[in-house]
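The chain contents come next:
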Amino acid sequence: MNRAAAGAPPAAAMFTPEEGASLRLLRWVPFVKGEEEAWNANTKAFTDATGVQVTIDQESWEDVRPKAAVAANVGSGPDMVMSWFDDPFQYPDKLVDVTDLCTHLGDAHGGWYDGLAAYGQQDGKWISTPLCAIGNAICYRDSHMKAAGFNEFPKDTEGFLKLCEALKAKGTPAGFPHGKAVGDGNNYAHWLLWSHGGMQVDEAGKVAINSPETVAAIEYAKKLYATFIPGTESWLDINNNRAFLAGEVSLTANGVSLYYAALKDPALKAIADDIRTTNLPIGPVGKSVELAQTSTISIFNHCKYPNAAKAYLEFMYRSDNMNRWIEAASAYCCQALKEFAANPVWTSNPIHAPYAKASESLRVNGYAGPLGPASAGAMADYVLVDMFAEAVTGQRTTEDAIANAERRLQRYYR
């Protein structure tokens, strides 16, 4: 075993931890046990090699964002946070400049994917280190699709609607979150809007949500919602997993964790054998346009040991360590650096195929405008998610839901 695989640092480590350093990382609760185990094993290897103790705190996906924001603004708490999308842009002045680290990692590991890099950079410097994209794909029961009269999964949104209608008629409905789900809710809402050619803001950052394309997206969403199992307006990130594995829905969108949750439970073998995955259907815009959950790791300015934090991240991204983590995540975490596209996990199972290109194909939050405090704030406020939820549930008319979203967006994009 080479030195990196054994957890020992190379002779000339780029960053030297401060004397007596210790670190605390806030991360999201893992959906794949192997991912957590590999991350923790790599962390232990770092501690063994450097003596730097790393404490890892876990919070639910919905709670990481507010807890990180509090830590940033009060200047105490965790030293680092594994956060979502463009959250670092909410408090860039509270973060350590990691340009030296990210430049080194890009040079050492084949370069960053453009979409992931955009989530780490502001005004020519790196404010956060891109970690991964969590691919989002349709997960469905093959036998239920065929029982509904479809031999192949529809490629376009109109065919997809017909499938969902047929599934409902068979008593095996679909379900997508219209609740404040950080990953699944945002992914679904953005796909609805973008697939119909809509956008929150234009290239200049001017609010552009009030458009015929947004109207078309909402009217389509209403038709889909009518086929769903009841209650999806309150679903968080865990609920579609639970409904699918309980046999309550036959189709949803999720990370590959849904498949592995079924595969590892002997009682769910019939469901696991029946699961198929595919990319989300193509809408009137004529091409695949998906958000993809993204995660970055930021170091707060209040961290007493910034060199130790950079040394920790540099260690975690070393080829053996990162490959071990990506493989253990079983295609759940798509690499941020191009070297790791060669990881065998991506070709080890056809179920993984829709997730393999997530980092390469993702469209960034706030499209078509620039990333920044406005895009981060609007997503954290669930403006787009709420717009669709208000309309499909009848809380507001299509026009009023759009107008409300427009007012809310204008508070961020001034």
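Residues numbered from 1 in each chain as written. Predicted model: local features only at pLDDT ≥ 70, side-chain atom pairs only at ≥ 80, totals over all residues. Heavy atoms only, no water.

Another point: the sheet that holds strand 11 (residues 334-335). In spatial order, the strands read 2-1-3-10-6-11; together these six strands make up an open sheet with mixed pairing. The open sheet has two edge strands with one neighbour each: strand 2 (53-59) and strand 11. (Pairing = 2+ DSSP bridges. Helix = DSSP H or I, 4+ residues; strand = E, 2+ residues; numbered from the N terminus.)

This part covers the nonpolar core. Ranked by size, the top nonpolar core spans 145 residues in total, and within it Phe-160, Leu-224, Leu-251, Tyr-312 and Phe-388 carry the most contacts. Each residue touching Leu-224, except ones within four places of it in the same chain, is listed here: Phe-160, Leu-161, Cys-164, Tyr-188, Trp-191 and Leu-192. (Core = buried A, V, L, I, M, F, W, Y, C linked by side-chain atoms within 4.5 Å. Buried < 20%, exposed > 50% of the residue type's maximum accessible area, 1.4 Å probe, protein only. Contact = heavy atoms within 4.5 Å.)

What follows deals with the state of the cysteines. This structure, assessed with the given rule, holds zero disulfides. Looking at the unpaired Cys-132, the closest cysteine sulfur is the one in Cys-333, lying at 4.1 Å. Judged by relative accessible area, Cys-132 falls into the buried class, the value being 0%. (Disulfide = S-S within 2.5 Å.)

On to the pairing of strand 9 (residues 275-278), then. Alternating residues of strand 9 divide into Ile-275 and Thr-277, all buried, and Arg-276 and Thr-278, none buried. Across four bridges, the pairing between strand 7 (residues 137-141) and strand 9 is antiparallel. Looking at strand 9, one finds that Tyr-140 is bridged to Arg-276.

Turning to the packing of helix 16 (residues 383-392) against helix 17 (residues 398-412), a few remarks are in order. Their axes nearest at 9 Å, the elements helix 16 and helix 17 cross at an angle of 165 degrees. In terms of orientation, helix 16 and helix 17 fall into the roughly antiparallel class. Between helix 16 and helix 17 lies a crossing whose hand is right-handed. Taken together, the residues of helix 17 that come into contact with helix 16 (itself represented by Val-383, Asp-386, Met-387, Glu-390 and Ala-391) are Ala-401, Ile-402, Asn-404, Ala-405, Arg-408, Leu-409 and Tyr-412. When its residues are assigned to classes, the contact of helix 16 with helix 17 shows eight nonpolar, one polar and three charged. (Axes fitted to C-alpha atoms, helices over the stretch in contact; angles between N-to-C directions. Parallel < 35°, antiparallel > 145°, perpendicular 65-115°, else oblique. Left-handed = near helix turned anticlockwise from the far one by under 90°. Nonpolar A, V, L, I, M, F, W, Y, C, P; charged D, E, K, R; others polar.)

Before going further, it helps to spend a moment on the packing of aromatic side chains. If you walk through the whole model with that rule in mind, you get 23 aromatic pairs. A ring pair is formed by Tyr-91 and Phe-300, whose centres lie 6.1 Å apart and whose planes are at 45 degrees; its orientation type is tilted. Placement of the pair is Tyr-91 in the loop between strand 3 (80-84) and helix 3 (99-108) and Phe-300 in the loop between strand 10 (293-299) and helix 12 (306-316), with a sequence separation of 209 residues. Phe-300 shares its class with Tyr-91; the two are buried. Centre to centre, the rings of Tyr-188 and Phe-228 are 6.3 Å apart; their planes meet at 50 degrees, and the pair counts as tilted. Placement of Tyr-188 in helix 7 (residues 184-195) and of Phe-228 in the loop between helix 8 (212-225) and helix 9 (239-245) is noted, with a sequence separation of 40 residues between them. (Phe/Tyr/Trp six-rings, centres within 6.5 Å; stacked < 30°, edge-to-face > 60°.)

Here we take up the sheet that holds strand 9. If you trace the three strands from one edge of the open sheet to the other, you get 8-7-9, paired in antiparallel fashion. Unpaired on one side and paired on the other, strand 8 (251-254) and strand 9 mark the two borders of the sheet. Adjacent strand axes in the sheet meet at a mean angle of 30 degrees when their direction is disregarded.

The subject of this paragraph is helix 7. Counted at 1.5 Å a residue, the expected span for helix 7 with its twelve residues is 16 Å, and the 16 Å between its end C-alpha atoms agrees. Along helix 7, twelve of the twelve residues are buried, which leaves the element largely enclosed by surrounding structure. Listed as buried for helix 7 are Asp-184, Gly-185, Asn-186, Asn-187, Tyr-188, Ala-189, His-190, Trp-191, Leu-192, Leu-193, Trp-194 and Ser-195. Two residues or fewer past helix 7, Gly-197 is found with a positive phi of approximately 90 degrees. (Expected span 1.5 Å × (residues − 1).)

To continue, consider the side chain of His-178. Position of His-178 relative to the elements: it lies in the loop between helix 6 (157-169) and helix 7. Those residues in contact with His-178 that sit more than four places away from it in its chain are Tyr-188, Leu-192, Tyr-225, Phe-228, Thr-232, Glu-233, Val-385, Phe-388, Ala-389 and Val-392.

Averaged over all residues, the pLDDT of the chain is 95; the fraction at 70 or higher stands at 97%. In the predicted structure, residues 1-11 sits below a pLDDT of 50 and forms 17 contacts with residues beyond four places in sequence or in another chain. (pLDDT = per-residue confidence, 0-100.)

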